[in-house]
Amino acid sequence: MTNNDAQTHSGLVAIVGRPNVGKSTLLNRLLGQKVSITSRKPQTTRHRILGIDTQDNRQAIYVDTPGLHQEEKRAINRYMNRAATTTLADVGVVLFVVEGTRWQDDDQHVLDKIQASGLPCYLVVNKVDKVEDKEALMLHLQQLSEKHNFAHIVPVSARKGKMVDELRELVFASLPDSEFYYPEDYITDRSSRFMAAEIIREKLMRFTGDELPYSTTVEIEQFKLGDNGVYRISGLILVERESQKRMVIGKGGKHLKTIGEQARKDMENLFDNRVFLELWVKVKQGWADDERALRSLGYGD
Ligand code: GDP
Ligand code: K
Ligand code: MG
């Protein structure tokens, strides 16, 4: 930044789309750092997470949201939908993420919500690395641009980092004149405690059977700097049933050990410090159905 270009630009950018299109992967790629957990499973992102991207006099504040989905029977699903829709109230631009050449009913459902908001919308067509027929892709993009009123259409591969820098520049160029909302060195608004819990949850999502995601959560019981300069972190994994507890622990504790090792590595990367991590597993019945239990676990905002 030079002295005659002291005007700063900043604003909120929502990343929305149906589950599993790669919203969190895209956010991490835009930031060049992992702040939002990802997995093959649809309900990975449960909270609204900010990713803060500052370069020179520009600060984009990305809001990663849980995927919008239609089933609202359980309290946790209602919570996640609220987190996704209330986001739209404050933002300046929406990145609407879809996947490859497939346009599904759920995509249309999300687009309807965006259009109702009246916000400028960039269509981000992710996972182009999986599309073999590039001509079909071009045709698909052409049709989308004729049918809808997107400010930009950007085909990307969040996984490979293709066209992500271009997207980042478009976002920077869209930011209104504004003071920075966060200090320049912030990458997220979330605490280290929260990030530690999310990292453990990511490993659980990635390494356990399909039954688990809905009914697992993580509480950080201890997070402190030891005399030896090592972070001492204790995580409590809450499951709904005894059988799930056995599943998480694995034979002779083998499974839990893998989860712990992988989580510790990610924490050391993110916190740039050595970590000593202890994990416990406890059964707490029905927490995902109960609004009050959810609030006590930090799902309140
Ligand atoms: P979200 O639910 O929309 O946040 O999706 P995630 O970011 O959790 O990603 C869902 C799955 O899609 C994960 O297995 C990612 O590795 C995968 N994925 C994300 N982006 C890409 C991409 O550009 N190409 C491919 N092939 N896979 C991707
Ligand atoms: K996911
Ligand atoms: Mg996500």
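Residues numbered from 1 in each chain as written. Chains lettered and ligands numbered in written order. Predicted model: local features only at pLDDT ≥ 70, side-chain atom pairs only at ≥ 80, totals over all residues. Heavy atoms only, no water.

Comments concerning the coordination of the potassium ion (ligand 2)
Then step 1. For the potassium ion (ligand 2), the full set of protein donor atoms is Asn20 (OD1), Ser39 (O) and Lys41 (O), at a range of 2.7 to 2.9 Å.
Then step 2. Ordering the donors of the potassium ion (ligand 2) by residue number gives the pattern N-x18-S-x1-K.
Then step 3. Residue Ser39 is classed as buried on the basis of its relative accessible area, which comes to 18%. (Donors = N, O, S within 2.8 Å, 3.2 Å for Na, K, Ca; no water. Buried < 20%, exposed > 50% of the residue type's maximum accessible area, 1.4 Å probe, protein only.)

Digging into the packing of aromatic side chains
Then step 1. Under the definition given, this model contains 6 aromatic pairs.
Then step 2. Aromatic pair Phe96 and Trp103: ring centres 5.9 Å apart, planes at 85°, arrangement edge-to-face.
Then step 3. Look at Trp103 and you get partly exposed, because its relative accessible area is 24%.
Then step 4. Grouping aromatic residues by their ring pairs yields a cluster made of Phe96, Trp103 and Phe150.
Then step 5. Lying over the aromatic face of Phe194, Arg190 brings its terminal NZ or CZ to 4.2 Å of the ring centre. (Phe/Tyr/Trp six-rings, centres within 6.5 Å; stacked < 30°, edge-to-face > 60°. Lys NZ or Arg CZ within 6 Å of the ring centre and 35° of its normal.)

Observations regarding the confidence of the model for the chain
Then step 1. Averaged over every residue, the pLDDT of the chain is 87; the share at 70 or more is 84%.
Then step 2. Here the predicted complex scores 0.86 on pTM and 0.99 on ipTM. (pLDDT = per-residue confidence, 0-100.)

Points about the site of ligand 1
Then step 1. The immediate surroundings of ligand 1 are formed by 16 residues, with Asn20, Lys23, Thr25, Asp129 and Arg159 found nearest.
Then step 2. Separating a nitrogen atom of ligand 1 from a side-chain N or O atom of Asp129 is a distance of 2.7 Å.
Then step 3. Contact between ligand 1 and Ala158: an oxygen atom at 3.0 Å from a main-chain N or O atom of the residue.
Then step 4. Calculation on ligand 1 without its partners gives an accessible area of 580 Å², and the protein chains cover 92% of this total.
Then step 5. Per element, the largest residue contribution to the shell around ligand 1 is 3 residues, and it comes from helix H1 (residues 23–31).
Then step 6. In terms of residue class, the shell around ligand 1 is made up of 2 nonpolar, 8 polar and 6 charged. (Near = heavy atom within 4 Å. Polar contact = N/O pair within 3.5 Å; in protein donor to acceptor, adjacent residues only side chain to side chain. Areas by Shrake-Rupley, 256 points an atom, 1.4 Å probe, with all protein chains shown as cover. Helix = DSSP H or I, 4+ residues; strand = E, 2+ residues; numbered from the N terminus. Nonpolar A, V, L, I, M, F, W, Y, C, P; charged D, E, K, R; others polar.)

Digging into the nonpolar core
Then step 1. Residues Leu26, Tyr62, Leu95, Ile200, Ile237 and Met267 are the most contacted members of the largest nonpolar core, which totals 48 residues.
Then step 2. When residues of this core are assigned to their parent elements, the largest contribution, 7 residues, is made by helix H6 (residues 192–207).
Then step 3. When sequence neighbours within four positions are dropped, the list of residues in contact with Leu95 reads Val13, Ala14, Ile15, Val16, Tyr62, Tyr122, Val124, Leu167 and Val171.
Then step 4. In this structure, Val16, Ile52, Leu119 and Leu141 belong to the second largest nonpolar core, which totals 23 residues. (Core = buried A, V, L, I, M, F, W, Y, C linked by side-chain atoms within 4.5 Å. Contact = heavy atoms within 4.5 Å.)

Things to note about the sheet that holds strand E3 (residues 58–64)
Then step 1. Pairing in this open sheet of 6 strands is mixed, and the strands run E2-E3-E1-E4-E5-E6 from one edge to the other. Among the strands making up the open sheet, the edge pair consists of strand E2 (49–55) and strand E6 (152–155). Geometrically, the sheet is characterised by an average inter-axis angle of 25° between neighbouring strands, direction not taken into account.
Then step 2. As judged from the 7 bridges shared by E2 and E3, these two strands associate in the antiparallel manner. Directly across from Ile52, in E3, lies its bridge partner Ile61.
Then step 3. The sheet contacts of helix H3 (residues 105–117) involve strand E1 (9–16), strand E4 (93–99) and strand E5 (121–126), and relative to E4 the element is tilted by about 170°. (Pairing = 2+ DSSP bridges. Axes fitted to C-alpha atoms, helices over the stretch in contact; angles between N-to-C directions.)

Things to note about unusual backbone geometry
Then step 1. For Asp56, which is not glycine, the phi dihedral falls at a positive 50°.
Then step 2. Given a relative accessible area of 47%, Asp56 falls into the partly exposed group.

Considerations on the pairing of E2
Then step 1. Of all 7 residues in E2, 5 are buried, a share of seventy percent or more.
Then step 2. Once E2 ends, the chain turns through 2 residues before running back antiparallel as E3, passing Asp56 with a positive phi of about 50°.

A few points about the pairing of E6
Then step 1. Here E5 pairs with E6 via 4 bridges, running parallel. Its bridge partner being in E6, Tyr122 is matched across the sheet by His152.
Then step 2. The handedness of the E5 to E6 crossover, carried by helix H4 (residues 134–147), is right-handed. (Right-handed = clockwise from strand over helix to strand, strands pointing away.)

A few points about the pattern of salt bridges
Then step 1. Counted according to the given criterion, the structure contains 14 salt bridges.
Then step 2. For Arg168, the salt bridge is made with Asp53, and the minimal N-O distance between the two is 2.7 Å. Of this pair, Arg168 sits in helix H5 (residues 164–174) while Asp53 sits in strand E2, and the two are 115 residues apart along the sequence.
Then step 3. For Asp53, a relative accessible area of 5% translates into the label buried.
Then step 4. Where Glu99 meets Arg102, a salt bridge forms, and the shortest distance between an N and an O atom there is 2.7 Å.
Then step 5. Taking relative accessible area as the criterion, Glu99 reaches 7% and is therefore assigned buried.
Then step 6. Linked by salt bridges that have partners in common, Lys34, Glu202, Lys203, Arg206 and Asp266 make up one network. (Salt bridge = Lys/Arg side-chain N within 4 Å of Asp/Glu carboxyl O.)

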